[in-house]
Amino acid sequence: VYSFLGWVAEVAFHAVTAGKFVNRGFLNGPVCPIYGTGVAAILLILGNWAEKPWAVLLVGIALPSALELITGWALETFFHNKWWDYSAQKFNVKGYICLEFSLLWGIAVLTIVEVVHPLVKRFAGLFGEIAGTVLVCLCAAAMIADLVVTVLQVLKLNRKLKEIDEIANKMRVGSERIGEKIANATLKAVKDSLAEKRERALDAVAKKMPVRLLKAFPHLRSRRNPDAVPLAYESIERMKRKQTAEEEQETEE
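So, a few notes on the structure that sits alongside this text. The shown structure was predicted, so the numbers you read here are calculated from the model rather than taken from an experiment.

Looking at the environment of isoleucine 97
Working step 1: Take isoleucine 97: it is sitting in strand 3 (residues 97–98).
Working step 2: The exposure class assigned to isoleucine 97 is buried, which follows from its relative accessible area of 13%.
Working step 3: Setting aside its immediate chain neighbours within four residues, isoleucine 97 contacts Ser65, Glu68, Leu69, Tyr86, Phe91 and Asn92.

Comments concerning the side chain of serine 3
Working step 1: Tracing the sequence through the fold places serine 3 in helix 1 (residues 2–18).
Working step 2: Its relative accessible area of 12% is what places serine 3 among the buried residues.
Working step 3: Excluding residues within four positions of it along the chain, serine 3 makes contact with Pro30, Val31, Cys32, Pro33, Gly36 and Met143.

Comments concerning the nonpolar core
Working step 1: Judged by nonpolar contacts, the single largest core of 19 residues is most densely connected at Phe26, Leu75, Phe79, Trp83, Leu161 and Phe217.
Working step 2: Elements supplying a minimum of two residues to this core: helix 3 (53–79), helix 5 (129–181) and helix 8 (228–252).

Side note on the packing of aromatic side chains
Working step 1: A full pass over the atoms with the stated rule returns 5 aromatic pairs.
Working step 2: Between the aromatic rings of phenylalanine 4 and tryptophan 7, the centroid separation amounts to 6.2 Å while the plane-to-plane angle is 25 degrees, which identifies the pairing as stacked. Pair noted here: phenylalanine 4 and tryptophan 7 are both in helix 1, with a separation of 3 residues, about one helical turn.
Working step 3: In this structure phenylalanine 4 comes out as partly exposed when scored by relative accessible area, which is 40%.
Working step 4: Judged by relative accessible area, which is 15%, tryptophan 7 ranks as buried.
Working step 5: Seen in terms of ring centroids, tyrosine 86 and phenylalanine 101 are 4.8 Å apart; in terms of plane orientation they differ by 20 degrees. Their pairing is stacked. With tyrosine 86 in the loop between strand 1 (81–82) and strand 2 (92–93) and phenylalanine 101 in helix 4 (residues 99–124), this pair connects stretches of sequence that are 15 residues apart.
Working step 6: Looking at tyrosine 86, the relative accessible area reads 13%, which means it is buried.

Re a negative patch on the surface
Working step 1: On the surface, Glu246, Glu247, Glu248, Glu250, Glu252 and Glu253 cluster together to form a negatively charged patch.
Working step 2: Examined against the element boundaries, glutamate 250 turns out to sit in helix 8.
Working step 3: Look at glutamate 250 and you get exposed, because its relative accessible area is 60%.

Cut-offs and rules
- Residues numbered from 1 in each chain as written.
- Predicted model: local features only at pLDDT ≥ 70, side-chain atom pairs only at ≥ 80, totals over all residues.
- Heavy atoms only, no water.
- Helix = DSSP H or I, 4+ residues; strand = E, 2+ residues; numbered from the N terminus.
- Buried < 20%, exposed > 50% of the residue type's maximum accessible area, 1.4 Å probe, protein only.
- Contact = heavy atoms within 4.5 Å.
- Core = buried A, V, L, I, M, F, W, Y, C linked by side-chain atoms within 4.5 Å.
- Phe/Tyr/Trp six-rings, centres within 6.5 Å; stacked < 30°, edge-to-face > 60°.
- Patch = residues over 30% accessible without salt bridge, like charges linked within 9 Å, V, L, I, M, F, W, Y side chains within 5 Å.
- Areas by Shrake-Rupley, 256 points an atom, 1.4 Å probe, with all protein chains shown as cover.
- Salt bridge = Lys/Arg side-chain N within 4 Å of Asp/Glu carboxyl O.
- Lys, Arg positive; Asp, Glu negative; His and termini not counted.
- Charge placed at Lys NZ, Arg CZ, Asp CG, Glu CD.

Structure follows, in structure tokens:
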């Protein structure tokens, strides 16, 4: 339940800040497991202390921040990409967490414990033990399947980013060699040709990338191929502009 509610909160937040729908979260389905894990852990740790708002606030600040820090580090370590980045915020730790969002976590957890959780408990009480167990198992199976598919998508993303990086490097080397041998006037024409070829090559790779992940994490950074991510976003935006122009032309015709 809290994984789903976390996904809803992420979608709503980015709808307000970005002005459009973005399917947020690492997984493809409408869940953000980091929220479910965080809330479940907080409720278990608090126990009877859940009745004391100051204790809820302190745990709400500390535990989600620690979970976000560990998750961010693990995702970058194992998948070589940084999925979110708070480096622009004050008082951040390696861009994984920052003071502003840690305080927001505390306020959110206090709201959840005082307002949301009683409603969730009432909802859970509608199911008997057998029905509840079956429902939880089905949800767990769906999330595991989603995780497997997502991991495969991330591996594909990393491969495509590497291809983009290799294309960019080849074009850069070719352009430098040409620049050493021919005059500036000729160089401009050749560079334009190279740029066109580069765009076509990058677009061909970008079409095969998991675009949902790139849209879901607009601040994604690749540790292995740092130059490839901006090129991937550039290709996607270029293809979007071409598609829009073609649609407008068809409408005019």
